[in-house]
Amino acid sequence: MPTIYQTQTSIPSFGGINQSTDGYNMSLRYAQFAANADVTGGGLAPMRAGVPIAQTVTAPIGTLARLHRRYHATEGEKDVLVAIAGGKVYTKLYGHDDAWAVRYSSLTEDNCDWVTYEVNKTESDAPTDVLLFTNAKDGMFCLYGDNLQVTPVETPYKFGVLARFNERIWGSGIADDPDKLVYSVPFDPFNWAQNSEIPEDGGGEIMQPSWDGDSFLALRTFGSQLLAFKKNAIWRVLGTNPGEFVMKEQYGGGALEENTIAVTGSYALMLGYGGLMRYDGADTSPFRQQDVREIMAQVNPEARGNSYAVMDGKRYLLALPLGKSTENNAVLEYNITEQSFSLMRGVGVKSFLAFDGTVLYTSASAPGTVYVYGGGEVLPVTWASGYQDLNMKHSVKSAFMLYFTASAEKRFLLTLGVRTEKKLKQKEIMVTPGKSHRVILNVSGRYFRVEIGSRTTTPWQLNGGIEINMELDPD
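Residues numbered from 1 in each chain as written. Predicted model: local features only at pLDDT ≥ 70, side-chain atom pairs only at ≥ 80, totals over all residues. Heavy atoms only, no water.

## Side note on the sheet that holds strand 16 (residues 180-183)
Hydrogen bonding along the main chain pairs the strands of a sheet, whether they run parallel or antiparallel. Overall, antiparallel pairing links the four strands, which are arranged 14-15-16-17 in an open sheet. The sheet terminates laterally at strand 14 (161-165) and strand 17 (204-207), the two strands that pair on one side only. On average, adjacent strands in this sheet sit at an angle of 25 degrees to one another, irrespective of strand direction. As paired strands, strand 16 and strand 17 are joined by four bridges and run antiparallel to one another. The residue of strand 17 that forms the bridge with Leu181 is Ile206. (Pairing = 2+ DSSP bridges. Helix = DSSP H or I, 4+ residues; strand = E, 2+ residues; numbered from the N terminus. Axes fitted to C-alpha atoms, helices over the stretch in contact; angles between N-to-C directions.)

Okay, structure coming up:
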């Protein structure tokens, strides 16, 4: 029981990063700063680096895509990875050790936008699944799922971005026409012509100027709607055919970088002015920007265009260039279910690809390699709570005793510390899995915080939080 001369508190569980306060007297379960700390389920465990898949390409990968073939492929060979690197288009069967095969060699730009669709080569044969990809310099191309051949697609403009909406392919991001949206004939990505007699059977164009120098930079399907993003605005496209298409401007701003937009359920997350933004179907507003304000303040503005995000089930993963780095060198994770932020450092992600519960990424540090996100080597962990005075500024706290239990495959080294306004006292201990441990730290101060670190290569997890006992010396 707490007395005038002693008391106790605890970290009941670990809840991620929270930088929304001045760092004083917030719950000890939140980290003021942390790196490579996985807090899923309330425990504390190290994040893990990626695992490289077999084979590499010789140039940096600008685009990583996936084509799932429902037809014209045997079981086990239905998923094809597509990499665009060094002006070439490569394919590789996912889950196989075969080398990347070159399918096309005349691109001038590696960064492409892409969608999957289907075409009917003949009326009697099954549809052919295709991957359509484009950039504003080379225009649009089609990769056929049956023979994996790549052919150019004739379009009215060279699109920078694509989307599939109401059985049409939509294009925008046109270098010389920044306010234009273009749509194809329904069920036919190769036909963009208007039909004056039956408009609903034809293609067409929509102009939506904003007269402020802004331009369309992304298209995303959002339920039964299409979202067209600019930096300062989002336009929602409604309707199923040209006679019904309506564009409505949404409240709030837009997205700064096209590759940071990710849709989940009834909202989308993106990088905007000031940090993270959320679009909820009607309004774009700041999203928990204060919780990660110190992290976002480290983003290199000159390299912000390299930022890249993906939605992995209930996790939003955002690769960022922090500090003076010109490439992404960290991944900010937001767990939607647990509403917690974590930060992975030491893993350079250039781009993401998520499907069927798996996240793949291309590497900024190993440009020709594709990795499976997580499951690799254990990363070094740092974790620090905010400062606490337990509402007893009049009392000096000292003789700290920390109790905890951990799980792991074998014994591992863990560093525990208590930092006061005076100094840091820490100990490195050998932790035995399943055993209750007590660590005594002789340091004193009116304010204290808990710091945890580990550089072990063994996977581990702290379970059930940490109990903290201390002595009090009131004035």
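## Some thoughts on the pattern of salt bridges
Throughout the structure, instances matching the rule amount to 19 salt bridges. Of the charged contacts, one joins Asp356 and Arg66 as a salt bridge, the two residues approaching to 3.2 Å between their closest N and O atoms. With Asp356 in the loop between strand 30 (349-355) and strand 31 (358-363) and Arg66 in strand 6 (residues 61-68), this pair connects stretches of sequence that are 290 residues apart. On the basis of relative accessibility, which here comes to 16%, the residue Arg66 falls in the buried class. Salt bridges here are not isolated pairs; linked through shared partners, they connect Arg66, Asp79 and Asp356. (Salt bridge = Lys/Arg side-chain N within 4 Å of Asp/Glu carboxyl O. Buried < 20%, exposed > 50% of the residue type's maximum accessible area, 1.4 Å probe, protein only.)

## Quick look at the environment of Ala319
Inspection of the secondary structure puts Ala319 in strand 27 (residues 315-320). Given the relative accessible area of 0%, Ala319 is considered buried. Spatially, the C-alpha atom of Ala319 lies 33 Å from that of Ser184, the residues being 135 residues apart in sequence.

## Description of the nonpolar core
Ranked by size, the top nonpolar core spans 57 residues in total, and within it Leu332, Trp383, Ile452, Leu462 and Ile466 carry the most contacts. The element best represented in this core is strand 39 (residues 460-474), accounting for six residues. (Core = buried A, V, L, I, M, F, W, Y, C linked by side-chain atoms within 4.5 Å.)

## Observations concerning the state of the cysteines
Taken as a whole and judged by the stated rule, the model has zero disulfides. Its sulfur unpaired, Cys112 is 13 Å from the next cysteine sulfur, which belongs to Cys142. Of the residues examined, Cys112 reaches a relative accessible area of 13% and is grouped as buried. According to the relative accessible area criterion, Cys142 is buried, its value standing at 0%. (Disulfide = S-S within 2.5 Å.)

## Points about the sheet that holds strand 21 (residues 246-249)
Pairing is antiparallel in the open sheet, where four strands are placed in the order 18-19-20-21. For this open sheet the edge positions go to strand 18 (218-222) and strand 21, each flanked by a neighbour on one side alone. Pairs of neighbouring strands in the sheet enclose a mean axial angle of 25 degrees, with direction left out of account. Here five bridges tie strand 18 to strand 19 (residues 225-229), and the two strands are oriented antiparallel to one another.

## What to know about unusual backbone geometry
With a phi close to 60 degrees, Asn36 is a non-glycine residue in the positive phi region. Within the element layout of this structure, Asn36 appears in the loop between strand 2 (31-35) and strand 3 (37-38). One non-glycine residue, Asn391, adopts positive backbone phi at about 60 degrees. On the basis of relative accessible area, Asn391 is assigned to the exposed category, the value being 70%.

## Considering the packing of aromatic side chains
Taken as a whole and assessed by the stated rule, the structure comprises 19 aromatic pairs. Ring centres of Tyr361 and Tyr373 lie 5.9 Å apart, and the angle between their planes is 80 degrees; this geometry places the pair in the edge-to-face category. Here Tyr373 lies in the loop between strand 32 (370-372) and strand 33 (381-385) and Tyr361 lies in strand 31, a separation of 12 residues in the sequence. Residue classification places Tyr361 among the buried residues on the basis of a relative accessible area of 3%. By way of ring pairs, the aromatic residues Phe165, Trp170, Tyr183 and Phe245 are connected into one cluster. (Phe/Tyr/Trp six-rings, centres within 6.5 Å; stacked < 30°, edge-to-face > 60°.)

## A few points about the pairing of strand 15 (residues 168-172)
Across the five residues of strand 15, five count as buried, placing the element largely inside the fold. Going residue by residue along strand 15, you find Arg168, Trp170 and Ser172 tucked away on one face and Ile169 and Gly171 tucked away on the opposite face as well. In this structure, the hairpin formed by strand 14 and strand 15 is closed by a connection of two residues, where Asn166 is found at a positive phi of approximately 50 degrees. As judged from the two bridges shared by strand 15 and strand 16, these two strands associate in the antiparallel manner. Paired with Trp170 across the two strands is Tyr183, which belongs to strand 16.

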